[in-house]
Amino acid sequence: MVAVQDPQLSEQDTLLQPGAPGMFSERSTAAGQTYILYLPKQYRVESRIPVMLFFDPQGNGRLPVHRYAQLADEAGFILAGSNQVKNGLGVDASTELAADLAASVLKKLGSTHSGLFLCGFSGGAKVALLASGGTKGATGVIHCGAGLPSGMPAPSLPTLGITGMRDMNYAEVIDFVNRSSQQPGHHLIVTNGRHEWPDVDAMRFSFSWCAIQSCKAAGPSDQVPLQAFERVLKDRIASEKYLPQKMRLLRCGKDLLANLTPVHEWDKRINRLSQDAAYSSAILEDSRKLSTELNRRQFLIDALRGREIVWWIGVIGDLHKQTNEPMNDRLLGYISLACYSLSKQAFEQDNLQEVARLNRIYRLADPANSEANYMSAVLFAKAGARDSSVKYLKESIRCGFHETNRFDAEESFRYLLSEGEGSELHEKIEQNQSAW
């Protein structure tokens with residue numbers, strides 16, 4: 001595959017050219033939003049195939065488009081990832097950018113698509129959910145690692161949630177899907193992953209799910225995606241040991257396949273599982289654990305505003321010792337995210353003492369987090385502690401820090417680093433962008 005980097009092209013000049021299938025390209029909308037586009041190898045100008053738009057919390061459209069290009073070839077999807085939508089933009093700006101991206105991609109295709117899907121991870125998942133109602137032609141939403149808070153209804157479009165058992169937002173996603181499941185069309189799959197873009201296997205299921213939604217929207221004329229979806233779904237159900245999730249998958253199958261193929265066998269399996277005492281027991285335990293986790297999250301966020309480091313050393317130490325329990329892993333991730341958000345606020349208020357307190361907790365909870373180590377480097381630089389600053393800066397880079405612009409703009413480093421050191425570190429940070 002060939003990567004084409006040409007962000008300066010105008011809207012008129014960036015119409016798709018012959019030979020584009022199987023290639024990545026950087027494009028821009030008339031409004032100036034840049035995005036990464038991938039056309040599957042089987043794409044032809046006259047094709048009516050689904051389109052999937054990606055929203056990454058760091059504004060890195062390249063990451064999901066490159067990660068799932070193989071699936072686009074398998075399922076016959078066009079992929080586009082926004083480089084502008086990211087955390088911190090606000091709802092209105094994000095939803096406008098999402099609509100702008102959709103309109104631009106569909107205009108470039110020059111033909112009618114067979115389904116338009118919005119897919120986001122973490123903060124990008126919230127954008128996908130919120131923007132779906134205002135995005136013309138949207139067919140469904142894939143939300144990974146995030147849901148909407150209580151009081152915000154699910155979209156009227158079909159949705160598929162993906163969360164990992166060790167994802168810090170697991171409880172949030174489960175709670176959102178449980179609230180949404182009273183309406184048809186809202187489904188969920190649970191993986192063994194953490195808070196990250198789902199692996200290819202989980203997304204393969206999502207592409208099949210989208211293909212069925214496209215099939216239902218267009219009519220049951222094409223049975224190929226139907227057969228593929230049934231195969232993928234039955235394999236996942238067969239391997240699923242957790243009974244509440246097995247039930248979610250069965251209901252997903254019945255919901256999607258209704259009006260396309262007979263679903264009486266799905267009804268039988270749902271009824272049989274619903275009468276299983278083990279399933280009823282698991283549902284009660286699931287509800288108890290969810291309530292416990294949400295309460296503990298609130299307790300921890302309250303503790304972050306007052307408890308001192310000695311208390312946190314004990315609490316976080318216990319959580320690290322018991323990471324065989326997925327909830328503890330999730331709570332560590334939640335502490336990490338909360339420390340990041342509160343530290344950012346304290347930085348904006350120039351409250352460096354509070355940043356330092358939170359940063360110690362941040363690194364205790366998530367020692368391999370590049371942002372936690374970068375914050376330490378900045379704090380020590382501002383204090384004039386050269387050796388400690390360089391130590392944490394190097395650790396941050398080792399953990400994947402990739403923001404060259406941010407590093408270059410940090411004035412406190414200029415007084416500590418020689419020109420040669422600064423150039424060397426800049427180069428290493430730049431190298432991390434290849435994996436980003």
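The sections below set out a description of the structure shown in this document. (Residues numbered from 1 in each chain as written. Predicted model: local features only at pLDDT ≥ 70, side-chain atom pairs only at ≥ 80, totals over all residues. Heavy atoms only, no water.)

## Some thoughts on the overall build of the chain
Part 1 of the argument: Tallying secondary structure elements over the chain gives 18 helices and 9 strands in all.
Part 2 of the argument: Burial analysis of the chain (436 residues in total) assigns 52% to the buried set.
Part 3 of the argument: Summarising the internal contacts of the chain: among those between residues at least 6 apart in sequence, 65% fall at separations of at least 24.
Part 4 of the argument: A total accessible area of about 20300 Å² is found for the chain, and carbon and sulfur atoms account for 50% of it.
Part 5 of the argument: Side-chain charges in the chain split into 47 positive and 49 negative, and the spacing between the mean points of these groups amounts to 5 Å. (Helix = DSSP H or I, 4+ residues; strand = E, 2+ residues; numbered from the N terminus. Buried < 20%, exposed > 50% of the residue type's maximum accessible area, 1.4 Å probe, protein only. Contact = heavy atoms within 4.5 Å. Areas by Shrake-Rupley, 256 points an atom, 1.4 Å probe, with all protein chains shown as cover. Lys, Arg positive; Asp, Glu negative; His and termini not counted. Charge placed at Lys NZ, Arg CZ, Asp CG, Glu CD.)

## Here we look at helix α3 (residues 91–109)
Residues spaced three or four apart along an α-helix face the same direction, because each turn holds 3.6 residues.
Part 1 of the argument: Under the 1.5 Å per step criterion, the end-to-end length of α3 is 27 Å for 19 residues, consistent within 8% with the ideal 27 Å.
Part 2 of the argument: Taken together, the buried positions of α3 are occupied by Ser 94, Leu 97, Ala 98, Asp 100, Leu 101, Ala 102, Ser 104, Val 105, Lys 108 and Leu 109.
Part 3 of the argument: Elements in contact with the buried residues of α3: β2 (24–28), β3 (34–38), β4 (51–55), β5 (78–82), β6 (116–121) and α4 (123–131).
Part 4 of the argument: One or two residues past the end of α3 sits Gly 110, with phi positive at roughly 70°. (Expected span 1.5 Å × (residues − 1).)

## Examining the nonpolar core
Part 1 of the argument: Core analysis: the biggest nonpolar cluster contains 46 residues, and Met 52, Phe 54, Leu 79, Met 203, Trp 209 and Phe 229 have the highest contact counts within it.
Part 2 of the argument: Top contributing element to this core by residue count: helix α6 (residues 200–218), with 8 residues.
Part 3 of the argument: Once you skip the residues sitting within four places of it in the chain, Phe 229 turns out to touch Phe 205, Ser 208, Trp 209, Ile 212, Cys 252, Leu 256 and Leu 257.
Part 4 of the argument: Counting 38 residues, the second-largest nonpolar core is a separate cluster that includes Tyr 35, Phe 55, Ala 154 and Phe 176. (Core = buried A, V, L, I, M, F, W, Y, C linked by side-chain atoms within 4.5 Å.)

## Looking at the environment of Ser 25
Part 1 of the argument: With respect to the helices, strands and loops of the structure, Ser 25 is situated in strand β2.
Part 2 of the argument: Taking relative accessible area as the criterion, Ser 25 reaches 8% and is therefore assigned buried.
Part 3 of the argument: A polar contact of 2.8 Å, which involves the side chain of Ser 25, links it to the side chain of Arg 27. (Polar contact = N/O pair within 3.5 Å; in protein donor to acceptor, adjacent residues only side chain to side chain.)

## A short note on the packing of helix α8 (residues 243–257) against helix α9 (residues 264–274)
Part 1 of the argument: Two numbers describe how α8 lies on α9: the axes approach to 9 Å, and their chain directions differ by 155°. In terms of axis orientation, α8 runs roughly antiparallel to α9. Of the two possible hands of crossing, α8 and α9 adopt the one that is left-handed. Residues Leu 243, Lys 246, Met 247, Leu 249, Leu 250, Arg 251, Gly 253, Lys 254 and Leu 257 of α8 touch α9, and the partners they reach there are Trp 266, Asp 267, Arg 269, Ile 270, Leu 273 and Ser 274. (Axes fitted to C-alpha atoms, helices over the stretch in contact; angles between N-to-C directions. Parallel < 35°, antiparallel > 145°, perpendicular 65-115°, else oblique. Left-handed = near helix turned anticlockwise from the far one by under 90°.)

## Considering helix α11 (residues 309–321)
Part 1 of the argument: When the terminal C-alpha atoms of α11 are compared, their 18 Å separation across 13 residues agrees well with the 18 Å that a helix rising 1.5 Å per residue should span.
Part 2 of the argument: Three or more residues of α11 are buried, namely Ile 309, Trp 312, Ile 316 and Leu 319. Angular distribution of buried residues about the axis of α11 spans 85°; they occupy a single face of the element. Those residues of α11 that are exposed and aimed more than 90 degrees away from the buried face are Val 310 and Lys 321.
Part 3 of the argument: Looking at the buried side of α11, the elements it contacts are α10 (277–303), α12 (326–348) and α13 (352–365). (Arc of directions from axis to C-beta.)

## Thoughts on the pairing of β2
Part 1 of the argument: Taken across its 5 residues, β2 has 5 buried, putting it largely inside the fold.
Part 2 of the argument: Burial of the side chains of β2 extends over both faces: Phe 24, Glu 26 and Ser 28 are buried on one face and Ser 25 and Arg 27 on the other.
Part 3 of the argument: Sheet topology note: the β2/β3 ladder contains 5 bridges and is antiparallel. Looking at β3, one finds that Ser 25 is bridged to Leu 37.
Part 4 of the argument: Where β2 folds back onto β3 in an antiparallel hairpin, the turn is made up of 5 residues, including Gly 32, whose phi is positive at roughly 95°. (Pairing = 2+ DSSP bridges.)

## Focus: the pairing of strand β7 (residues 138–144)
Part 1 of the argument: With respect to burial, β7 is a largely interior element, 7 of its 7 residues being buried.
Part 2 of the argument: Here β6 pairs with β7 via 6 bridges, running parallel. If you follow Leu 116 over to β7, its bridge partner there is Ala 138.
Part 3 of the argument: Remark: the β6/α4/β7 crossover connection has right-handed handedness.
Part 4 of the argument: Here 4 bridges tie β7 to strand β8 (residues 159–164), and the two strands are oriented parallel to one another. Opposite His 143, over in β8, you have Gly 161 as the bridge partner. (Right-handed = clockwise from strand over helix to strand, strands pointing away.)

## Digging into the packing of aromatic side chains
Part 1 of the argument: Enumeration over the complete set of coordinates arrives at 14 aromatic pairs.
Part 2 of the argument: Between Phe 77 and Phe 207, the aromatic rings sit 4.9 Å apart at their centres with planes inclined by 65°, giving edge-to-face as the arrangement. Of this pair, Phe 77 sits in the loop between α2 (69–75) and β5 while Phe 207 sits in helix α6, placing them 130 residues apart in sequence.
Part 3 of the argument: Take Phe 77: its relative accessible area is 0%, and that puts it in the buried class.
Part 4 of the argument: Residue Phe 207 is classed as buried on the basis of its relative accessible area, which comes to 2%.
Part 5 of the argument: Relative to Phe 229, the ring of Phe 205 has its centre 5.8 Å away and its plane inclined at 45°; by these criteria the two rings are tilted. (Phe/Tyr/Trp six-rings, centres within 6.5 Å; stacked < 30°, edge-to-face > 60°.)

## A few points about the pattern of salt bridges
Part 1 of the argument: Counted under the stated rule, the structure contains 19 salt bridges.
Part 2 of the argument: With a closest N to O distance of 2.6 Å, Glu 285 and Arg 288 form a salt bridge. Here Glu 285 pairs with Arg 288, and both are found in helix α10, just 3 residues apart, close to one helical turn.
Part 3 of the argument: By relative accessible area, which is 32% here, Glu 285 ends up partly exposed.
Part 4 of the argument: The closest approach of N and O atoms between Arg 386 and Asp 387, which form a salt bridge, is 3.8 Å.
Part 5 of the argument: Overall, Asp 387 belongs to the exposed group, its relative accessible area being 61%. (Salt bridge = Lys/Arg side-chain N within 4 Å of Asp/Glu carboxyl O.)

## Points about the environment of Glu 430
Part 1 of the argument: Residue placement: Glu 430 occurs in helix α18 (residues 419–432).
Part 2 of the argument: Since its relative accessible area comes to 42%, Glu 430 is described here as partly exposed.
Part 3 of the argument: Here the alpha-carbon distance between Glu 430 and Val 85, two residues 345 residues apart in the chain, equals 21 Å.

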